[in-house]
Amino acid sequence: KDTPGSNRVRARSILAEASNGGKACGTRYPDPPLALEEIEPCVNWKKDSSVTDCVLTTWGQWTECTALCNGGLKHRNRGIRTPPTAGGIPCQGSLEELVPCNLGQCSDQKERDCKFSPWNDWSHCDSHDQRERYRLIAVEPLMDGKPCNGTLKEIRPCTIAVDCVISPWTPWDQCDKSCDGGQKQRQRQVELNPKHGGKPCPLGLIETTGCNREPCDDKEVNCKVSIWSVWSRCSASCGPGVKERSRTVTNRLSHCGAGCVGNLTQVEPCYLEHCGGCDPCAWGDWREWSECDVHCGGGQRVRLRNITTWPSPGCPPCEAMNKEELGSCNVDPCPESELCVDGAWASWNDWEACSTSCEGGMRWRVRHVLRPATSCGQEPSGDSREEEECNKGVPCKASQDCELSAWSVWSDCSASCHGIKKRERSVLQHGYGVGKYCEGILEEAFPCALGISRSLEDWSSTHLYLNLGTVYANNLGGQGPDFQAEQSLRFKNAAADNAQSVDLRITVAEESDYRPEKGAENNGLAGQFGNIFVGRDSEVVVDFELVDSETNDPMAPEDLVLKFFDSDSGVEGSDISTYSITAVDECEEFYNTPDSVFKVKGSCAEPGLTEFEKPFISDPWCDTGGYEVMDLGRVINSNLMGKGPDHQGKPELRFENVLSLEGSPVDLVIEVVTGDYEPGDPQANGKFGGRTRYNKGAAMGAISLATGTMTKFKASFKRSDGFAVYVPKLNFTFWDIDMPHDNLRERVVVVGYKKFYTLDQNGQETQGNSVAYMQKPGGGEF
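Criteria and cut-off values
Here the residue numbers are simple positions, counted from 1 along each chain's written sequence. At least 70 in pLDDT is required for a residue's local features to be given in this predicted model, at least 80 for side-chain atom pairs to be given and counted, and no such filter applies to totals for whole chains, interfaces and linings, which use all residues. Water and hydrogen atoms were dropped before computing side-chain values, which therefore reflect all heavy atoms in the structure. Aromatic contacts are taken between Phe, Tyr and Trp rings whose centres are within 6.5 Å, Trp giving its six-membered ring; a plane angle under 30 degrees counts as stacked, one over 60 as edge-to-face, and the others as tilted. Every helix listed is a DSSP run of H or I at least four residues long, and every strand listed is a run of E at least two residues long, numbered separately from the N terminus. Whether a charge sits over a ring depends on NZ of Lys or CZ of Arg being within 6 Å of the ring centre and within 35 degrees of the ring normal. We define a polar contact as two N or O atoms separated by no more than 3.5 Å, with the added condition that, inside protein, one atom must be a possible hydrogen donor and the other a possible acceptor, whereas residues neighbouring each other in sequence contribute only through side-chain atom pairs. Whether a residue is buried, partly exposed or exposed follows from its accessible area with a 1.4 Å probe, protein chains only, as a fraction of its type maximum: under 20%, in between, or over 50%, in that order. In this analysis, two residues are considered to be in contact whenever any of their non-hydrogen atoms come within 4.5 Å of each other. Pairing between strands requires that DSSP locate at least two bridges from one strand to the other. Note on geometry: axes are C-alpha line fits, over the in-contact stretch for helices, and angles between N-to-C directions span 0 to 180 degrees. Salt-bridge detection follows one rule: a side-chain nitrogen of Lys or Arg within 4 Å of a carboxyl oxygen of Asp or Glu.

(A) Representation of the packing of aromatic side chains. Scanning the entire structure with this criterion turns up one aromatic pair. Measuring from centroid to centroid gives 5.8 Å for Tyr-677 and Phe-713, while their planes differ by 75°, and the two rings are edge-to-face. Highlighted residues: Tyr-677 in the loop between β42 (664-674) and β43 (686-688) and Phe-713 in strand β45 (residues 712-718), separated in sequence by 36 residues. Just above the ring of Trp-119 sits the side chain of Arg-133; from NZ or CZ to the centre is 4.2 Å.

Now the structure itself:
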C-alpha cells in the first residue's frame, strides 16, 4: 500500500542444507547473521504531523543447533511490537536470522539416535478457528541409531478467546454540498468477530460530520422546488385506498450550489365508506377472573378478553373497548393472626427475541410482584429479570466438515543409510459451524534406508552382494532337473556369518502352482545373477530365505535387498508380453532406477501390495504401428560439450517437451559420448527452420560439426527432474542443411538400430538418393 507507514516483506528458505563438507548456510562471527525474512518501507510512504514510528521486539532466543557436530544451523526471530501510523518511520530490518553452529568435527561415529526438537508453541487462532504447531528433526541418526518416526506438524481447533478486530477508518468521502453546509461520512468494518468470550466489537461503524459551512455567494445557484400540488382523488371508490401529490424542480443547481433534498412525490392512505358485505369486528366474551392475590384484607383480580373476529378490508375498524378489567376481591379483614402476608411473584413473561439470529446472542424475560408483602411479611426473593444465551451454535452459514488433501509422495531419503523421509498434506477446506474441524497430522517423518545402501542401485557395485556362483539344487517346486533334491532353488555359500556358511534358498509357496514349462533347466545362474524361469500366462509365489548351510536353520539378516531385472528381453522374449513382480510382504522400501521400464503400483510404506509391472512393448519394429512426431520447437539449453551459447548450463543440447508420455512432458537430450567435439558454428545448434515435406514437427533439430571432425552423440529422453524415460522405439530422420557444400563428405553412423530407409524426393523408399550405406559392427554407416 502507498498509505503512510506501509511496509513490504520478503522471505527466503533453505532449499538444501550443507553436507559432506559443503559450505554451510549462514555466516560466521563477526559478520552479521544471514537474514531469512526482511521488512522495509514502501517506496511511496509519506509522513504527516502526528506520527508513530515502528518499534520491533527484541530478538528471541536462538534455537538449538540442528546438529551436534560437523556443522548445523540455528535461527532466531523477532516481530513488530508497534506498527507505524500516520506516516511514522516504517519497519525495516530482518525478522528472522540464521547462523551456523557446532562446526567442529565429530570426534567419533558411534551409534546415535534421532531426536526431535521440542514442539513450538501453538500458533494464534486463524480466521478458520484453527491453530498449528510444529517441531523439527534436531539430531539426525548415526550408524544403527534409532531413526525418527513421528509427527512434525499438527493442527487442531481453537478454544481460546478471540477478540474482535476492527478495520481502520476509511478516508472521509466527498461533502454532499459545496457550500451552505453539508455532510460527509467515513466508515469501518468488522474484520474478525469475537469468539469464545473475546472482547466485543465497538458499536460505531459509521461517522458523520459537517462540511463546507460557508454560505453560497449566489443563492440562485441552489436547487429549488415548487410548492406541493393538491391531493389527488382517492384511488378506491369505496373502502381503503391511496391519494398522492407532487412537486417539481424549478431551479437546478449550478456552479457550487446546493442540491435539492427531499421527496418529489407524497402518498397517504384514504378511506371511503365500505362497499357492503362487510364482516364486522367482534369482541370475545370475558374470561374467568384470576385468583385473588390475597386471601383476606382486600385484594385484586383480573380478567381478559380478545378480538375474535377482525373486520374485513374496507369495513369499519374495531370499536375501542377494554381488553383487561381489574376487580376487588377478599375484602373481608384478615384475622389478627394472619395480618403478616409474604410477598409473591407473578409468573414469568415470555422470553424476548434473541439479540442475534446466529453465532450466539442473549435474550431476557421479566416478572412483576403478584402479591406485595404486608408490613410484617417477607418480600419475595429472586430477580425480576432473567437473561440467558440463545442461538448458540447456530451457524450464520451452512456447517461444513474439514477436508484434508491426500498425502504427498514421500520425499527422497535424507541419507543412503538410516535416513529420514517426509510427506505432508494441507487443509483443502476448513470446518465451520457444527461441522468437523481440522485435527490431526499435517507433516510426518518416517525412517528409510534401514541399512540399505544406495550403491545397490549401481549394477556394477559389489556392496553387500550375495555370492550366487554355486547352484546347489535346481528343483524349484519339484520341477527342476535335480528332481531328487529338495524342492527348492538353492545357492550354496551365498554369504557368511562369522564362521557359519549361509545359503540362499528359494521355495514355492504352498498355495502356489509353479509351471515353468520347458524353462526349468534355465533356473539358476544368468551371468552373475540368479535366474527364475516363469512360464507364459502363469503365476507363482516364491519365498526367499537365508538358511544355515549345515543345519538349515533360518538366519535373520537385518535387511535383504532383491534386485529384479529382465534377462529375456527382445522381440523373442518378454518384450511381447506384460509381466509383473509383486512384493507380498516384508517390503520396507524400494528403488526404481532412473532407466527402469517398470511401473510401480503401491508403496512399501502403505498397507497393501507393492507391484512392479513391466509393460508390453507394442510393435517393436519401425515399419508399422502408430507414432508421435517430436516437437523440436523449444531449445532450453544449447551447450554441447560445454561449447555453446548457454555456457553456464549442463554440457548438453536439450529440447523441451518434445512429446508426452502418460500425461507427463518429456525432453530430448543429446550429449557427446566420445570424440573431441568442435562445432562449426555453436549458434547453429538446436532449432532449425520449420515444417518441411519430410518433417511433420514444428521444427527440425540441428547439430553443427567442424570440417574434418568426428563425434559420437547419445540421444535420450528425460523428465525435467533428470530421470530417464523409456521409449519403445525411436525413428531419426537425417538430412543435409548445408547442401551448397557438395565438396564435403558427411557420414552418419547409427549404433544399435533395427531398420533403416532412404527416401527419394517424392518420399518413396529407394536404395539410391546419393546416400551410400555400409554395414558396421553394431550399426551402419550412411
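(B) Examining the environment of Asn-552 more closely. Following the sequence through the fold, Asn-552 ends up in the loop between β36 (542-548) and β37 (579-583). For the pair Asn-552 and Arg-505, spaced 47 residues apart in the sequence, the C-alpha separation amounts to 9.5 Å. Reaching out from Asn-552, the side chain makes a polar contact with the side chain of Arg-490 at a distance of 2.6 Å.

(C) Main features of the environment of Asn-349. By the secondary structure assignment, Asn-349 is in the loop between β23 (344-345) and β24 (361-366). The exposure class assigned to Asn-349 is partly exposed, which follows from its relative accessible area of 40%. For the pair Asn-349 and His-368, spaced 19 residues apart in sequence, the C-alpha separation works out to 8.9 Å. Those residues within four positions of Asn-349 in sequence are excluded, and the remaining contacts are Arg-365 and Val-366.

(D) Fine view of the sheet that holds strand β39 (residues 610-614). If you trace the three strands from one edge of the open sheet to the other, you get β37-β39-β38, paired in antiparallel fashion. Unpaired on one side and paired on the other, β37 and β38 (599-601) mark the two borders of the sheet. In this sheet, neighbouring strand axes are inclined to one another by 20° on average, regardless of whether the strands run parallel or antiparallel. Summarising the sheet, β38 and β39 pair through three bridges and their orientation is antiparallel. Residue pairing in the sheet places Lys-601 in a bridge with Glu-611 of β39.

(E) Geometry of the pattern of salt bridges. Applying the stated criterion across every chain, the model contains 21 salt bridges. Among the salt bridges present, the one from Arg-365 reaches Glu-386, with a minimum N-O distance of 2.9 Å. Here Arg-365 is found in strand β24, whereas its partner Glu-386 is found in strand β26 (residues 385-390), with 21 residues between them in sequence. The class for Glu-386 is partly exposed, based on a relative accessible area of 29%. Across the salt bridge formed by Glu-444 and Arg-423, the nearest N and O atoms sit 2.6 Å from each other. Taken together, the residues span a long stretch of sequence, with Glu-444 in strand β30 (residues 440-448) and Arg-423 in strand β28 (residues 419-424) at a distance of 21 residues. You can call Glu-444 buried: its relative accessible area is 14%. For Arg-423, a relative accessible area of 12% gives the class buried. One continuous salt-bridge network, built from bridges that share partners, spans Glu-486, Arg-490, Lys-492, Asp-503, Arg-505 and Glu-545.

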